[in-house]
Amino acid sequence: MNLRQLEYFVAIVEAESFTRAAEALGVAQPALGQQIRKLEEEHDVRLLRRHSRGVEATEAGRLLLDHARRILPQVDAATAALRDFAVRPHGRINLGLTTTMSGILAGPLIRRAAEEMPGIQLCPVEEMSSVLMEWVAEERLQMALAFNVANVAGLRWEPVLQESLFFVESSGKGKADGGTITLAEVAEHPLVVPASPHSIRSLIEERATEAGIRLNVVYEVHAVSMVRDLVGQSMAATVMPYSAVEEGVRAGRLIAKKIVAPEVTRDLFFIHPERRSLSKAELALRAVLLDMLAQEMPQRDWRPIVDRQASIAALERRSRPLGKAWFSA
């Protein structure tokens, strides 16, 4: 069986005629018939049935038709992908970023992409990690940076970095700047937290449950900006990564203490759809993203993920099926 035979077979079935298929393909009708006979003889099965109105597929023919209609577009896509690698990176890329990552990366990334990859039209999309994962699985986004919330089928995951979470409160209520705080001590404060299924909400509840601690959640909101506003007004404290409140801490409005005993961390993943490989443009953008994150790492409470298998295993323990783990060379 070869691709030409499959192409001829699909054309005949769709045209319901050898004559019309030969005209559409620009092939002599005897040559078309010879290829189909060869295909039937090689597999000892009848694929087409002739009648007064033309031809139709047999049951075996309908089975082959289903496969051929999947195979031929995949071959075309593979050919186009290989041609794509012969030219400069180009095309539109919808990139998903969390609110925290968008604030740090979006502006510099757009500028750098314009300078280094002018053929790429970059469109950043800011959303919660749970939403970004769903949109990548549905291929509404080509790729994203997302924190571990829950497993979503159909994704490939590359662990990138780990980030610690901090207890954050208004400087008007804080007793000391910086330092550390235990999770049990965090639970003694009224808290405002992002509503589920935000990654921070999921993680602190999971760690509290494991430690047998009950959190005192008094407010739930759907925007990180609202969390910061309520903390700034001394209405409650919260749990956030340092990068999300860095400006307020430096300005003296907020106090951030690293949570210990147990330490609460979240892993950042680079994700893209499992069903296809990255294009040349997507690989180029991924390389720039990882480089930018590596440059930011020393300035923030980030660290590289050394045990990638453990990071994937932790993700696998969550509720929904996990896509295939993928690691770069």
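Residues numbered from 1 in each chain as written. Predicted model: local features only at pLDDT ≥ 70, side-chain atom pairs only at ≥ 80, totals over all residues. Heavy atoms only, no water.

Q: Sorry if this is basic, but what is going on with the pairing of strand β8 (residues 191-194) here?
A: Within a regular beta strand, the side chains point alternately toward one face of the sheet and then the other, so they alternate between its two faces. Burial along β8 is two-sided: the residues L191 and V193 and V192 and P194 are all buried. Note: β8 against strand β9 (residues 217-221), 4 bridges, orientation parallel. Among the inter-strand pairings, P194 is bridged to a residue of β9, identified as V221. The β-α-β motif built from β8, the intervening helix α8 (residues 199-211) and the parallel element β9 has right-handed crossover chirality. (Buried < 20%, exposed > 50% of the residue type's maximum accessible area, 1.4 Å probe, protein only. Helix = DSSP H or I, 4+ residues; strand = E, 2+ residues; numbered from the N terminus. Pairing = 2+ DSSP bridges. Right-handed = clockwise from strand over helix to strand, strands pointing away.)

Q: It is not clear to me how the packing of aromatic side chains should be interpreted in this structure. Could you clarify?
A: Remark: the centre distance and the inter-plane angle together describe each pair of aromatic rings, the angle taken between the planes. Within this structure, the stated rule accounts for 2 aromatic pairs. Pairing W157 with F269 gives two aromatic rings, centres 5.5 Å apart and planes at 85 degrees, and the pair type is edge-to-face. Taken together, the residues span a long stretch of sequence, with W157 in strand β6 (residues 155-170) and F269 in strand β12 (residues 265-273) at a distance of 112 residues. Note on accessibility: W157 and F269 belong to one class, buried. Seen from their ring centres, F166 and Y242 are 5.5 Å apart, and the 55 degrees between their planes marks the pair as tilted. In this pair, F166 is assigned in strand β6 and Y242 in helix α10 (residues 242-250), connecting sequence segments 76 residues apart. Judged by its relative accessible area of 9%, F166 is buried. The lysine or arginine in question, R266, covers the ring of F147, its NZ or CZ lying 3.4 Å from the ring centre. In this structure, R286 packs its charged tip against the face of F270, placed 5.9 Å from the ring centre. (Phe/Tyr/Trp six-rings, centres within 6.5 Å; stacked < 30°, edge-to-face > 60°. Lys NZ or Arg CZ within 6 Å of the ring centre and 35° of its normal.)

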